[in-house]
Structures are given as C-alpha cells and as structure tokens.
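# Close look at the chain arrangement
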Amino acid sequence: MNLRPPRVKGLGLVAWLAGILFFLPIAWMVLTSFHSEESAATNPPSFAASLTLDGYRDFFGTTGGASPWPALVNSTVASLASTLFVLVLALPAAYALSIRPVKKWTDVLFFFLSTKMLPVVAGLLPIYLFAKNTAMLDNIWLLVILYTSMNLPIAVWMMQSFLAEVPIAVIEAARIDGARLPTLLARVVAPIAMPGIAATALICFIFSWNELLFARVLSGVVAQTAPVFLTGFITSQGLFLAKVCAASLVISLPVLAAGFAAQDKLVQGLSLGAVK
C-alpha cells in the first residue's frame, strides 16, 4: 500500500522530468560524437546514422592532428595543484573563523566573498601586464597561482561552515593532550570535517578544470589547457561538430569521474548543518 501523499508524488515526477531535461543534452552530445561529420551536420539530425569513431580519432591526433595529451596534462596539473594549495590555505583560515573565531569574523567572511563580485575580465589586463613583465606568460604555474587565488575565497567560506560543526570538546581534549595547531588541524579537525573538505576540493577542482578566460589569454602552446585546446576545433573553415562533441566528452570525463567517486562525501558535506 502506497502511503505517500500526492504532493510528494508530484515533486518526485517534477524531479525526474528535470533530471531528464538536464540529461538530454549530454545524451545528444554522446550520440553526436559517434557520428560522422556529414551525419552530425544534417538538419534535422538523423538518429539512425551509422556510428563511427572518427571524431575520437581526430581528437587524439591519430589522423595527423595535434595531440591533446599535453593540454590534458596541463589541466590536470593546474587543477590538482591549485586545489591542494587552496585546501592547505583555507583550512587554517576557516579554523580561525569558526572554531577559534577572530574579532568581527563576519566582516572577514564578507571580504572574502566580495572578492568574487569583481568581474573576472576587469582584472585580466593588469594580470596580463604583470605576467608579461615577469616573463610568466605561457607558464602553467601562473595558472596555478591564479586558480588558487580565485578559489580560495569560496573555499574559506564553505569550510568555515563545515568546521563550525566540529565539536569543541574534541578540540579542547586534544589541546589538553598537548596537540599543537598543525597536529590539531591534520589529525583532529581534518578527519572530522573530511566530507566538507572533500566537497570543497571537488568544487575547486571543477572550477579550475573548466576555467577558460585566463587560460586562453595567458597561455600559448606550453601551458595550453584542455578547454583552450577544445576551442581550437572551431575554425574559420567551419564547426566540426562530431569532433567537438567527442572532445567535449573526453575533457568532461575527469570531472564526471571525480564527482562520481566523491558523490557520497559531496552530498554529506553540502548537507552538513542542514539537520540539527
């Protein structure tokens, strides 16, 4: 016997419809990536077109094009390194703003959040001139520094709310046992707040992996990232739709894999404090 009220059933149906609507463009991209360029360019599109791996062969450079591996490696290095630096810097900052709060900590949090209100393009020219004068153009470590500074405010904001849920009694007991701040953060606070830290790390990784504007302007060949490499398929000769869809799917896989692997901690971390 189904005892669920009609309102709950209606909300469930709306959720399923929303999920299907969000999934349809991804399914269409996957299907198009297995079509030839001729079949992908037809209007209206043909669902019964023959399938081929030509788009993936073109993307991986097996037919003579540029190899995507340097760009994928650059994106991996920039995303992982910046995420690691963000966590190392954000954890003590969030600790100071939550467990051992500083004076006017709400003003500090507002300052962190206000840095995200500046349009990214407004800081593009000064950063470009700085990179040019310091010979940092087309350097992957410049992108690491930029991604770290861009993601640090939102990471501190998120982790402050996560660390506020850590029991003070546990921390005080560790301090009585002689634990200093580095040990306290690494062995007491971090394990308890691990779901929140994992959620923060995943979001910072996604933001870094998907960033395009700075990578497009500040990188050339050596530090080219995967999103910049993807834009190279849109040329004056036309839009190679099948190859773009294949490239988009491959470049999206690391983010999808990271989200799938950390989905339990992501949900747990984002719901911390929601239920008292």
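Residues numbered from 1 in each chain as written. Predicted model: local features only at pLDDT ≥ 70, side-chain atom pairs only at ≥ 80, totals over all residues. Heavy atoms only, no water.

### What about the overall build of the chain?
Across its full length, the chain holds 14 helices and two strands. Burial analysis of the chain (276 residues in total) assigns 36% to the buried set. The long-range share in the chain, meaning contacts at least 24 apart out of those at least 6 apart in sequence, stands at 77%. (Helix = DSSP H or I, 4+ residues; strand = E, 2+ residues; numbered from the N terminus. Buried < 20%, exposed > 50% of the residue type's maximum accessible area, 1.4 Å probe, protein only. Contact = heavy atoms within 4.5 Å.)

### Considerations on the layout of surface pockets
Where empty space is left becomes clear once a probe the size of a water molecule has been rolled over the atoms. Of the pockets and cavities examined, the largest pocket occupies roughly 400 Å³. As for the largest pocket, its lining consists of 17 residues, and the residues nearest its centre are Thr115, Lys116, Val120, Met150 and Phe214. Those elements that place two or more of their residues in the lining of the largest pocket are helix H7 (140-163) and helix H10 (194-210). Considering every element that reaches the lining of the largest pocket, the biggest residue donor is H7, with six residues. Among the residues making up the lining of the largest pocket, the classes are represented as 10 nonpolar, five polar and two charged. Roughly 160 Å³ of internal volume is contained in the second largest pocket. If you go around the second largest pocket, the residues you meet are Trp209, Asn210, Leu212, Pro227, Leu230, Ser248, Ile251, Ser252, Val255 and Leu256. For the lining of the second largest pocket, the element with the most residues is helix H13 (residues 241-261), which contributes five residues. By residue class, the composition of the lining of the second largest pocket is seven nonpolar, three polar and no charged. (1 Å grid on protein atoms, 1.4 Å probe; cavity = no way out; pocket = protein on both sides within 12 Å on 5 of 7 lines; lining within 4 Å. Points joined across faces, edges and corners; volume = space filled by probe spheres on them. Nonpolar A, V, L, I, M, F, W, Y, C, P; charged D, E, K, R; others polar.)

### Considering the side chain of Thr32
By secondary structure assignment, the location of Thr32 is in helix H1 (residues 6-33). We classify Thr32 as buried; its relative accessible area is 2%. When near neighbours in sequence (up to four residues on either side) are disregarded, Thr32 contacts Ala40, Leu241, Ala242 and Cys245.

### Details of the packing of helix H4 (residues 69-98) against helix H9 (residues 181-192)
For the pair H4 and H9, the least separation of the axes is 11 Å and the interaxial angle reads 90°. Comparing their axes, H9 and H4 come out roughly perpendicular. Contacts from Leu91, Pro92 and Tyr95 of H4 reach H9 at Leu181, Leu184, Leu185, Val189 and Ala190. Partitioned by chemical class, the residues of the contact of H4 with H9 number eight nonpolar, no polar and no charged. (Axes fitted to C-alpha atoms, helices over the stretch in contact; angles between N-to-C directions. Parallel < 35°, antiparallel > 145°, perpendicular 65-115°, else oblique.)

### With respect to the packing of aromatic side chains
Taken as a whole and assessed by the stated rule, the structure comprises five aromatic pairs. When the ring of Phe59 is compared with that of Phe229, the centres are 5.9 Å apart and the planes differ by 75°; the resulting orientation is edge-to-face. One end of the pair, Phe59, is in helix H3 (residues 54-59); the other, Phe229, is in helix H12 (residues 226-231), with 170 residues separating them in the sequence. Grouping aromatic residues by their ring pairs yields a cluster made of Phe59, Phe60, Trp69 and Phe229. (Phe/Tyr/Trp six-rings, centres within 6.5 Å; stacked < 30°, edge-to-face > 60°.)

### A look at the environment of Ile251
Along the chain, Ile251 turns up in helix H13. Distance in space between the C-alpha atoms of Ile251 and Ser75 is 9.6 Å, their sequence separation being 176 residues. Other than its neighbours up to four places away in sequence, Ile251 contacts Phe59, Leu72, Trp209, Ala226 and Leu230.

### Some points on unusual backbone geometry
A positive phi angle is found at Ala135, which is not glycine, with a value near 60°. In this structure, Ala135 sits in the loop between helix H6 (124-133) and H7. In this model, Asp138 sits at a positive phi of 60°, which is unusual for a non-glycine residue.

### Some points on the packing of H10 against H13
Contact pair H10 / H13: the axes reach a minimum separation of 10 Å and the direction vectors enclose 175°. On the basis of the axis angle, H10 is roughly antiparallel to H13. In contact with Leu202, Phe205, Ile206, Trp209 and Asn210 of H10, H13 contributes Ile251, Pro254, Val255, Ala258 and Gly259. Its residues assigned to classes, the contact of H10 with H13 comprises eight nonpolar, two polar and no charged.

### With respect to the nonpolar core
Soluble globular proteins: nonpolar side chains tend toward being buried together. Ranked by internal contacts, the top residues of the largest apolar core, which has 28 residues, are Leu91, Tyr95, Leu163 and Val189. Listed in part, the 19 residues of the second largest apolar core include Trp209, Val244, Ala246 and Val250. (Core = buried A, V, L, I, M, F, W, Y, C linked by side-chain atoms within 4.5 Å.)

### A short note on the pattern of salt bridges
According to the stated counting rule, one finds one salt bridge in the structure shown. With a closest N to O distance of 2.8 Å, Arg57 and Asp54 form a salt bridge. With Arg57 and Asp54 both in helix H3, this residue pair falls three residues apart, about one helical turn. For Asp54, a relative accessible area of 37% puts it in the partly exposed group. (Salt bridge = Lys/Arg side-chain N within 4 Å of Asp/Glu carboxyl O.)

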